[in-house]
Amino acid sequence: MRRPSLEVADIFHRHGAAWRAAQAGHLSLGQLKVMSAIETCRTAALGGHVEACEDCGHSRIAYNSCRNRHCPRCQGAAAREWLAAREADLLPVGYFHVVFTLPAEIADIAYPNKAVIYHLLFRAASEAMLTIAADPKHLGARIGITAVLHSWGSAMTHHPHVHMIVPGGGIALDGERWVSCRPGFLLPVRVLSRLFRRLLLAKLTDAHAAGRLRFFGDNAGLGDKRAFAKFLAPLKKKNWFVYAKPPFAGPEAVLAYLSRYTHRVAISNSRLIALDEAGVTFRVKDYRRNGSERYPTMTLEAGEFIRRFLLHVLPKGFHRIRHYGLLASAHAKANIARARELLAAPQPKAECNGTGADAATPSDWRPPCPCCGGRMIVIETFERGGDRARAPPWTRAP
């Protein structure tokens, strides 16, 4: 696969040092580490290996990846590996896509409280889904959820929301049958929205009382209990955004969707168009328009582009992909097997768990020989600072 002509790493190489100097003391260690990882990804600075074709002898240098979860270059392989493990978990039912979005007011205080508020977003959204699904007035079943956090909008502004992939049904509360949802309809979004609002506001109030939230700048006064209660009061009457998209057209469409969303970063290299005196030009998506007008371009000054990109660096150890209900990790395999039994669906022949002769090994995947299509094998390796690392750190393998 040909690499894009312009990458986030190119922007960091050209403008990163000056921007870091200008922002000294205002960047977190995590943000600095992400910049460094992206700048050195697949360069001689990380070491690598030499590959040669078994058939024609063509050789090439392949530099090591940084494997940082915010790096646009590294997420393709990570997504393939994750999807290989998920494929065996798909059920032969329709799947729905549900989105829960934080109101702008809470998104404003979420940035300095990412670990706490993003976690509460996951909890409130998943509890709303599981509670309404279990209600006999609605589905009356235990459902499974795969949830993915995105913190950005198309222009890389701060816009936290959770995407959920949900099978169209669940196991009855007595565990004896599969309960299917109505065709094209999973759960009422208005009911979900109201419960999501109540749960998240209650959890925010509890977190504030426990001293787990921090406030700065214009929001510094929200540290006071009464001020925070006054801040939340209007949100109790506001409509919160919950969106249920039409169901997917089969399991293959679910996997295709997951491959695009689970390991997405704030902006992909493929969206970048130009880096020049005007700044960074890239494609955005305008949901208010249709046709060709839906994908206009935007140009940001390079420093502003870097700032927006780094807005979305997650706290260390924070899990942005989570599973709930039937898919919660502790009992997921047993629940999936039971669901297949109730659906009279065959069990998968083999699970892609990264072990065994038939398991997928995307981390060892290498593109075929560009000359003859033969298999490339490693004939030499070199470490960081080895002989082949003499090239400038931004030199990339062809």
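In this convention, every chain numbers its residues from 1, walking through the sequence in written order. Under the rules for a predicted model, residues below a pLDDT of 70 receive no local features and side-chain atom pairs below 80 are neither given nor counted, while totals for whole chains, interfaces and linings still include all residues. Here the side-chain values reflect all heavy atoms present in the structure, with hydrogen atoms and water set aside.

1. Section: the packing of helix α1 (residues 8-22) against helix α2 (residues 29-40)
At a minimum axis distance of 9 Å, the contact between α1 and α2 shows a crossing angle of 135 degrees. As far as their axial angle goes, α2 and α1 are oblique. Along this stretch, α1 crosses α2, giving a crossing that reads as left-handed. Each of Val8, Ala9, Phe12, His13, Gly16, Trp19 and Arg20 in α1 lies in contact with α2, whose residues at this interface are Leu32, Met35, Ile38 and Glu39. Nonpolar residues are Ala, Val, Leu, Ile, Met, Phe, Trp, Tyr, Cys and Pro. Charged residues are Asp, Glu, Lys and Arg, and all others, Gly as well, are polar. The residue inventory of the contact of α1 with α2, partitioned by class, reads seven nonpolar, two polar and two charged. Interaxial angle, 0 to 180 degrees, is taken between N-to-C directions of lines fitted to C-alpha atoms, where a helix line uses only the stretch in contact. Here a helix means four or more residues in a row that DSSP labels H or I, a strand means two or more in a row labelled E, and each is numbered from the N terminus. Angle categories: roughly parallel below 35 degrees, roughly antiparallel above 145, roughly perpendicular from 65 to 115, and oblique for all the rest. Each crossing is labelled by how the near helix is turned from the far one, with a counterclockwise turn of less than a right angle marking it left-handed and a clockwise turn marking it right-handed. A contact between two residues is defined here by any heavy atoms of the two lying within 4.5 Å.

2. Here we look at the sheet that holds strand β3 (residues 95-101)
Note: strands within a sheet are paired through backbone hydrogen bonds, in either parallel or antiparallel orientation. Taken in spatial order, the five strands line up as β9-β3-β6-β5-β13 in an open sheet, and their pairing is antiparallel. The outermost strands of the open sheet, each flanked by one partner alone, are β9 (242-245) and β13 (321-325). For this sheet, the mean inter-axis angle between neighbouring strands, taken without regard to orientation, is 25 degrees. Sheet topology note: the strand β5 (residues 144-152)/strand β6 (residues 158-167) ladder contains six bridges and is antiparallel. Its bridge partner being in β6, Trp152 is matched across the sheet by His158. Along the sheet, helix α5 (residues 114-134) makes contact with β3, β5, β6 and β13, crossing β6 at roughly 35 degrees. Contacting β3 and β9, helix α6 (residues 189-209) crosses the sheet at an angle of about 145 degrees to β9. For two strands to be treated as a pair, DSSP must find at least two bridges joining them.

The values reported here are purely geometric and, on their own, carry no functional implication.
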